[in-house]
Amino acid sequence: MTDVEALYPFLYADKVDLEAVLAQVSASTVAKAREITELRTRVLAADGDRMARCAAEMAERFAAGGRLLSFGNGGSSTDAQEVAALFLSPGGGLRPLTALCLTNDIAVVTALSNDIGFDVVFARQLAALSRPGDIAVGLSTSGNSANLLAAFDEAGRRGLLTVGIAGYDGGRMAELDTIDHLFTVPSASVHRVQEAQTTIYHALWELVLDRLRGDDQ
């Protein structure tokens, strides 16, 4: 039996009991929703206060003219793009903040990867684009991506506020002393990790805007 057959046995059965399939799908959906809800609750309990402190520091950087630079690989690269988009173009009359994602310029990404190596694809961009008052936000499911580790080291040397969002036990990101704020989603499921990471950076975004709104009043 292949992995796909193991995941979706009803697609490969000679006869399909539609009611049974619908019941299985319903039960699976409910179980996954319960799992992510419980995981988000755990993350809030463990990191809620630290998220508020992190957002306050981010707001201070933005208020002083700092910018946000986000990065990640694979699925985390799309999350990094959403992080930048949230701050840059929040909509609804909310305050836009300067942000860019280091995976957006494919010419730069492929040039660095081809000419030097993929391990420096974010660090080199930070070296070229960042200023000491900026914010670096890196996302990884495993916490072990070599190019994220190099980027955080570069950001730390340059005086950026560094924010890491990882899964599992934080991986090698948890060993770095160049990450000012690390938020870890304690799950072995990539899907649940990425869902909870989405909640973390949305919460940080809202907290930053609330802090800046309070400072403006």
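Residues numbered from 1 in each chain as written. Predicted model: local features only at pLDDT ≥ 70, side-chain atom pairs only at ≥ 80, totals over all residues. Heavy atoms only, no water.

Undergrad: Describe the overall build of the chain, naming the residues involved and giving the relevant values.
TA: Assigned secondary structure in the chain consists of 7 helices and 5 strands. Overall, the chain shows an N-to-C arrangement of helices and strands of α-α-β-α-β-α-α-β-α-β-β-α. Counting across all 217 residues of the chain, residues that qualify as buried make up 41%. About 11,300 Å² of surface is accessible on the chain, with carbon and sulfur atoms providing 54% of the total. (Helix = DSSP H or I, 4+ residues; strand = E, 2+ residues; numbered from the N terminus. Buried < 20%, exposed > 50% of the residue type's maximum accessible area, 1.4 Å probe, protein only. Areas by Shrake-Rupley, 256 points an atom, 1.4 Å probe, with all protein chains shown as cover.)

Undergrad: Go over the environment of Leu207 with me, naming the residues and quoting the values.
TA: Its place among the elements puts Leu207 in helix 7 (residues 190-216). Those residues in contact with Leu207, other than ones at most four positions away along the chain, are Met51, Ala52 and Ala55. (Contact = heavy atoms within 4.5 Å.)

Undergrad: Would you mind going over the pairing of strand 4 (residues 161-167) in detail, with residue names and values included?
TA: Along strand 4, 7 of the 7 residues are buried, which leaves the element largely enclosed by surrounding structure. Once you follow strand 3 (residues 135-139) into helix 6 (residues 146-157) and on to strand 4, the crossover reads as right-handed. Where strand 4 meets strand 5 (residues 181-185), 5 bridges bridge the pair, whose relative direction is parallel. If you follow Gly164 over to strand 5, its bridge partner there is Leu182. (Right-handed = clockwise from strand over helix to strand, strands pointing away. Pairing = 2+ DSSP bridges.)

Undergrad: So what about the nonpolar core? Which residues, and what values?
TA: One recurring pattern in soluble globular proteins is that nonpolar side chains are buried together. In terms of nonpolar packing, the biggest core is built from 35 residues, with Met58, Phe87 and Val208 touching the most fellow members. For this core, the secondary-structure elements that each account for two or more residues are helix 2 (18-63), helix 3 (75-88), strand 2 (99-101), strand 3, strand 4, strand 5 and helix 7. If near-sequence neighbours (up to four positions away) are discounted, Met58 is found in contact with Leu68, Phe87, Ile135, Leu161, Val163 and Val208. Counting residues in each nonpolar core, the second largest holds 19 residues, with Val121, Leu149, Leu160 and Ile179 among its members. (Core = buried A, V, L, I, M, F, W, Y, C linked by side-chain atoms within 4.5 Å.)

Undergrad: Describe the pattern of salt bridges, listing the residues and the values that go with them.
TA: Pairing is possible between side chains that carry opposite charge, provided their charged atoms lie close to one another. All told, the structure shown has 6 salt bridges when counted by the stated rule. One salt bridge in this structure joins Asp134 and Arg67, with 2.6 Å as the shortest N-O distance. Linking Asp134 in the loop between helix 5 (123-129) and strand 3 with Arg67 in the loop between helix 2 and strand 1 (68-72), this pair joins segments that are 67 residues apart in sequence. Judged by its relative accessible area of 15%, Arg67 falls in the buried class. (Salt bridge = Lys/Arg side-chain N within 4 Å of Asp/Glu carboxyl O.)

Undergrad: Go over the environment of Ala166 with me, naming the residues and quoting the values.
TA: Looking at where Ala166 falls in the secondary structure, it is placed in strand 4. As for Ala166 and Asn144, which are separated by 22 residues in sequence, their C-alpha atoms are 9.0 Å apart. Leaving out residues up to four positions away in the same chain, Ala166 has contacts with Ser140, Thr141, Gly143, Met173, Leu182, Phe183, Thr184, Val185 and Gln197.

Undergrad: Go over the pairing of strand 3 with me, naming the residues and quoting the values.
TA: In terms of burial, strand 3 is largely enclosed, as 5 of its 5 residues are buried. Here strand 3 shows two buried faces, one formed by Ile135, Val137 and Leu139 and the other by Ala136 and Gly138.

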